[in-house]
Amino acid sequence: MQGQGFGTERLTQTLATMMPIARIERMDSDTSGLRGARARILAELRAGEIDILVGTQMITKGFDFPGVTLAAVVNADLALNMPDYRSAERTFQLLTQVAGRAGRGERPGRVIIQTYAPNHYSICAAKDQDYARFIRRELTLRRDLMYPPYARLAMVRIEGAEPMLVMRLAEQVAKSLAQSATPEGLRVLGPAPAPIERIKQRYRWQVMVKSRELKPMRAALAAMRSEVGPSAERDDVYLAIDIDPVRML
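Right, let's walk through the structure included here. This structure is a prediction, so every number in the text was calculated from the model and none was measured.

What counts, and where the lines are drawn
Residues numbered from 1 in each chain as written. Predicted model: local features only at pLDDT ≥ 70, side-chain atom pairs only at ≥ 80, totals over all residues. Heavy atoms only, no water. Helix = DSSP H or I, 4+ residues; strand = E, 2+ residues; numbered from the N terminus. Buried < 20%, exposed > 50% of the residue type's maximum accessible area, 1.4 Å probe, protein only. Contact = heavy atoms within 4.5 Å. Areas by Shrake-Rupley, 256 points an atom, 1.4 Å probe, with all protein chains shown as cover. 1 Å grid on protein atoms, 1.4 Å probe; cavity = no way out; pocket = protein on both sides within 12 Å on 5 of 7 lines; lining within 4 Å. Points joined across faces, edges and corners; volume = space filled by probe spheres on them. Nonpolar A, V, L, I, M, F, W, Y, C, P; charged D, E, K, R; others polar. Axes fitted to C-alpha atoms, helices over the stretch in contact; angles between N-to-C directions. Parallel < 35°, antiparallel > 145°, perpendicular 65-115°, else oblique. Left-handed = near helix turned anticlockwise from the far one by under 90°. Phe/Tyr/Trp six-rings, centres within 6.5 Å; stacked < 30°, edge-to-face > 60°. Lys NZ or Arg CZ within 6 Å of the ring centre and 35° of its normal.

## Section: the overall build of the protein chain
Tallying secondary structure elements over the protein chain gives seven helices and eight strands in all. When burial is assessed residue by residue, the protein chain has 36% of its 249 residues classed as buried. Taking as baseline every contact in the protein chain between residues at least 6 positions apart, the subset at least 24 positions apart corresponds to 70%. Total accessible area on the protein chain is roughly 15000 Å²; 53% of this is exposed by carbon and sulfur atoms.

Written out as structure tokens, the structure is:
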């Protein structure tokens, strides 16, 4: 089986085949990495020398081009598949930002969203530009599932070169934290392999802690480190605690 992606390069090639006379430019980390490349592309777009600009999220924020009348998002639901409680929020934010790029001049704009999840509440709310509806649903889910702003999070990350040692230590971490768990006060999720399970030949596991209050969570984490820390040092396994984590991968 051979996987196929649909990144900006392939999308640019497809558009060039469909519209051979269109002036198409691509702006992503590859094409805008050279000094001055991004400024050149934006200047050409502003001057009307580009008909279609294909890019990543970097083209959705902060740009004001009155001549743009059509904006399209491919695989709009991609972020929804990320193992992060903020995935719906980020999807709504991205789609709203993209919609804001079209129709900023005298002519009205149109937005096309391609998605495999057209009924997801974040995509429906973004389509209708209905922030109030989105945030009501999002906050209800976060309250019921005990996620911020209704709880505090901590991510315990376990990394090492030997997969069995990493897995065993992750199990010890979860077992230690479970001693402080209560149904409504402090919950422990995991252990589980990290979404990116291996980086530079180091295996990665993680355990998440959710708590209504910060103090009992800190106490549980401190007790766990005292109990499990010596084993981590002996087995050369890296143990890190990230409170209110920004990244979940």
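Let's pick the thread back up.
## A closer look at the layout of surface pockets
Here the second largest pocket is characterised by a volume of approximately 360 Å³. Those elements that provide at least two residues to the lining of the second largest pocket are helix H3 (87–99), helix H5 (131–145), strand S6 (186–199) and strand S7 (202–211). Here the element with the most residues in the lining of the second largest pocket is S6; it accounts for five residues. For the lining of the second largest pocket, the class distribution of residues is 15 nonpolar, three polar and three charged.

## Considering the packing of H3 against H5
Remark: H3 packs on H5, axes separated minimally by 11 Å, with the N-to-C direction vectors making an angle of 170°. With respect to H5, the axis of H3 lies roughly antiparallel. Packed against H3, whose contacting residues are Ala88, Glu89 and Phe92, the element H5 presents Tyr131, Phe134, Glu138 and Arg142 at the interface.

## Re the packing of helix H6 (residues 163–178) against helix H7 (residues 214–234)
At their nearest, the axes of H6 and H7 sit 9 Å apart, and the two run at 150° to each other. In terms of axis orientation, H6 runs roughly antiparallel to H7. Read as a crossing pair, H6 and H7 show a hand that is right-handed. Across from Leu169, Gln172, Val173, Ser176 and Leu177 in H6, the residues of H7 making contact are Ala220, Leu221, Ala223, Met224, Glu227, Val228, Ser231 and Ala232.

## Things to note about the packing of aromatic side chains
The full count for this structure, using the stated rule, is four aromatic pairs. Consider the rings of Tyr85 and Tyr147, whose centres lie 5.2 Å apart with planes at 10°: the pair is stacked. One end of the pair, Tyr85, is in the loop between strand S3 (70–73) and H3; the other, Tyr147, is in the loop between H5 and strand S5 (152–160), and 62 residues separate them in sequence. Grouping residues by exposure puts Tyr85 and Tyr147 together as buried. Their ring planes at 50° and their centres at 6.2 Å tell us that Phe92 and Tyr131 sit as a pair that is tilted. Taken together, the positions of Phe92 in helix H3 and Tyr131 in helix H5 put the pair 39 residues apart, joining distant regions of the chain. Phe92 sits in the buried class, given a relative accessible area of 8%. By way of ring pairs, the aromatic residues Phe92, Tyr121, Tyr131 and Phe134 are connected into one cluster. When the ring centre of Tyr147 is taken as origin, the NZ or CZ atom of Lys210, which lies over that ring, is 4.1 Å away.

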